[in-house]
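# Inside the fold
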Amino acid sequence: MTVPPTTGRPTTGAGATDHGVHLRGIFTPELLDQCISCGFCLPACPTYDLTKMEPSSPRGRINLMRALEAGTLAEDDPKLVEEASFCLGCRACEPVCPAGVQYGALLEEWRDHQWKGRGRPVVARLLTTVIAVPDLLFSLQGLVRRYARTRGPVTEDRPHYMLGCVERGLFPSVSRSTLALVPEADSPAVQGCCGALHAHNGDSKRGARMALRLGRRLPGTIITTAGGCAAHLDHHLGGGRVKEISAYLVEQGYQAPGEVQVDGRRARVTLQDSCHLRNGMGVTVEPRSLLRQVADYVEIPGAGTCCGAAGTYSMTRAKDSRRVLEPKVAQVVAADVDFVVAVNPGCLRQLQQGLKRAGSPVRAIHMVDFVAMAGGESPASTGAGAGPGAGAGPGAGAGPGEPGAPAAAERFRRRLLGRRRPRGLR
């Protein structure tokens, strides 16, 4: 791997740990001083890959942060404004960094300062305001979108499914499939937002408070189907309390009773990693393990790179988001798969839109919806509206005494696959 030369900072000696006077108190000194300017992060960075410009790399951005901290650049400097926004926040630089730089934490501190007041992008400001509204809005959303909710006391003796703010509205079937696959879990109606969106958009203190509040509302183990939410909650709650759904299922020894078939053969499927799940929590093996149970898994070259969704990025920087996405769509199409699976709602939406623009018959689907198609508890037995059955054989997943379960499973399969275009987008 060729590493571009460093630009101005020594990698050894005193300069490696003292990068100037910490005058302004914007950044945590230990975080800002950690970078040794080696450049290993550059090949991993999607925006550097687009531009080949040093300021659009993690190393370049950290040098901009240092200039801001030292007072040699003002907040309204065009390069500071641009690069704080241009960064995807995917954290792909962290696993490859030999110095252990916590770039995600630095980016949060930078945006907290850079995006104060009206400095925050309008779309991000609107979304963080709407999502932070009282719980009544989520209750009304549940009536319309019919995402899965349970009643009864919320205690530590059972796992709790976290209803993502975006996911419960855009992809309500994910919640129903989750409770079908994890019948021991509950899904309390009163949850609120985890705060990840706020933390990534210039309000990390509020994001932390929201995570802690959710942790109190959901005591014990929390299961999530959104990679970005999982990493944010895990950072603030700790103690192994937060489990991404694939990690939980593998840990519990889940075995699918069937498989997903297309046109009488085993389906071909690939995976798009969630950046924060992969780079923040190190969860990569578990979703692939589940997919190999139920289909023929195909790894694409860019599975671990960002798709360009990046929370609000696809709305605040739509053109750049598409530039990041286009090579990935090409890789998915070239892999000749039937499905591309996502483990984060933003990634799922991004892939659906990209494949639709490309006119591809490949279907983007959330992992739990895909695994539920192959088997698990039937809708009839769980009442959750999700269950087995894409080609898994008659009555797959239906236990004894469950009349009508195969028919319910078939209805669920048709909703996911589409009745007329089994390999296409609806």
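Every value quoted in this text rests on a predicted model; they were computed, and no experiment measured them.

About the cut-offs
- Residues numbered from 1 in each chain as written.
- Predicted model: local features only at pLDDT ≥ 70, side-chain atom pairs only at ≥ 80, totals over all residues.
- Heavy atoms only, no water.
- Helix = DSSP H or I, 4+ residues; strand = E, 2+ residues; numbered from the N terminus.
- Buried < 20%, exposed > 50% of the residue type's maximum accessible area, 1.4 Å probe, protein only.
- Contact = heavy atoms within 4.5 Å.
- Areas by Shrake-Rupley, 256 points an atom, 1.4 Å probe, with all protein chains shown as cover.
- pLDDT = per-residue confidence, 0-100.
- Axes fitted to C-alpha atoms, helices over the stretch in contact; angles between N-to-C directions.
- Parallel < 35°, antiparallel > 145°, perpendicular 65-115°, else oblique.
- Left-handed = near helix turned anticlockwise from the far one by under 90°.
- Nonpolar A, V, L, I, M, F, W, Y, C, P; charged D, E, K, R; others polar.
- Pairing = 2+ DSSP bridges.
- Polar contact = N/O pair within 3.5 Å; in protein donor to acceptor, adjacent residues only side chain to side chain.
- Expected span 1.5 Å × (residues − 1).

### What about the overall build of the protein chain?
Within the protein chain, the secondary structure is distributed over 22 helices and 9 strands. Burial analysis of the protein chain (426 residues in total) assigns 54% to the buried set. When contacts within the protein chain are restricted to residue pairs at least 6 apart in sequence, those whose partners lie at least 24 apart make up 71%. Working note: accessible area of the protein chain is about 18000 Å², and carbon and sulfur atoms make up 54% of it.

### Here we look at the confidence of the model for the protein chain
Close reading of the predicted structure is inappropriate where its pLDDT is low. Confidence in the prediction for the protein chain averages 82 pLDDT; 79% of positions are at 70 or higher. For residues 1–16, every residue scores under 50 in pLDDT, and the model assigns this stretch 30 contacts once sequence neighbours within four places are set aside. A low-confidence stretch, residues 376–426 stays under pLDDT 50, and its non-local contacts, those more than four residues away or across chains, total 110 contacts.

### With respect to the packing of helix α3 (residues 58–70) against helix α4 (residues 78–86)
Contact pair α3 / α4: the axes reach a minimum separation of 11 Å and the direction vectors enclose 135 degrees. Taken together, the axes of α3 and α4 lie oblique to each other. For α3 against α4, the interelement crossing comes out left-handed. Where α3 abuts α4, its residues Arg61, Leu64 and Leu68 lie against Lys79, Leu80, Glu83 and Phe86. Here the residues of the contact of α3 with α4 are counted per class, giving 4 nonpolar, no polar and 3 charged.

### Some details on the pairing of strand β6 (residues 268–272)
Among the 5 residues in β6, 4 count as buried, and that is most of the element. Relative to strand β7 (residues 296–297), β6 runs parallel, the two sharing 2 bridges. Note that in β7 the partner of Val269 across the bridge is Tyr297. The sheet contact formed by β6 and strand β8 (residues 339–342) spans 4 bridges and is parallel. Along β8, the bridge assignment pairs Leu271 with Val341.

### With respect to the environment of Ala230
Mapped onto the elements of the fold, Ala230 is located in helix α13 (residues 227–237). Relative accessible area serves as the criterion here: at 0%, Ala230 is assigned to the buried category. Spatially, the C-alpha atom of Ala230 lies 6.2 Å from that of Glu244, the residues being 14 residues apart in sequence. Beyond its immediate chain neighbours, meaning those up to four positions away, Ala230 contacts Thr224, Val242, Leu277 and Met281.

### So, the side chain of Arg168
Structurally, Arg168 can be placed in helix α9 (residues 165–170). A relative accessible area of 2% means that Arg168 is categorised as buried. Within the structure, the side chain of Arg168 is placed 2.7 Å from the backbone oxygen of Leu163, a separation counted as a polar contact.

### A short note on α3
Since one α-helical turn is 3.6 residues long, residues separated by three or four positions face the same way. Taking 1.5 Å per residue, 13 residues should reach 18 Å; α3 reaches 18 Å between its end C-alpha atoms and fits that length. Among the 13 residues that make up α3, 12 are buried, leaving the element largely enclosed by the rest of the structure. Those residues of α3 lying buried are Pro58, Arg59, Gly60, Arg61, Ile62, Asn63, Leu64, Met65, Arg66, Ala67, Leu68 and Glu69. The inward-facing, buried residues of α3 abut α1 (29–32), α2 (46–51), α4, α5 (93–96) and α6 (103–114). Immediately downstream of α3, the backbone of Gly71 shows phi near 85 degrees, a positive value.

### Structural notes on the side chain of Ser173
Inspection of the secondary structure assignment puts Ser173 in helix α10 (residues 172–181). When its relative accessible area of 17% is taken as the criterion, Ser173 is described as buried. A polar atom in the side chain of Ser173 sits 2.7 Å from the side chain of Asp369.

### Quick notes on the sheet that holds strand β1 (residues 160–161)
The sheet built from 3 strands is open, its strands ordered β1-β2-β3 with parallel pairing. Every other strand in the sheet has two partners, leaving β1 and β3 (242–244) as the edge strands with one partner each. Here strand β2 (residues 222–224) runs beside β3; their pairing, made up of 3 bridges, is parallel. Opposite Ile223, over in β3, you have Lys243 as the bridge partner.

### Observations regarding helix α12 (residues 204–217)
Over its 14 residues, α12 extends 20 Å from the first C-alpha to the last, a length consistent with the 20 Å expected when each residue adds 1.5 Å. Looking at the buried residues of α12, the elements they touch are α6, α11 (196–199), β2 and α13.

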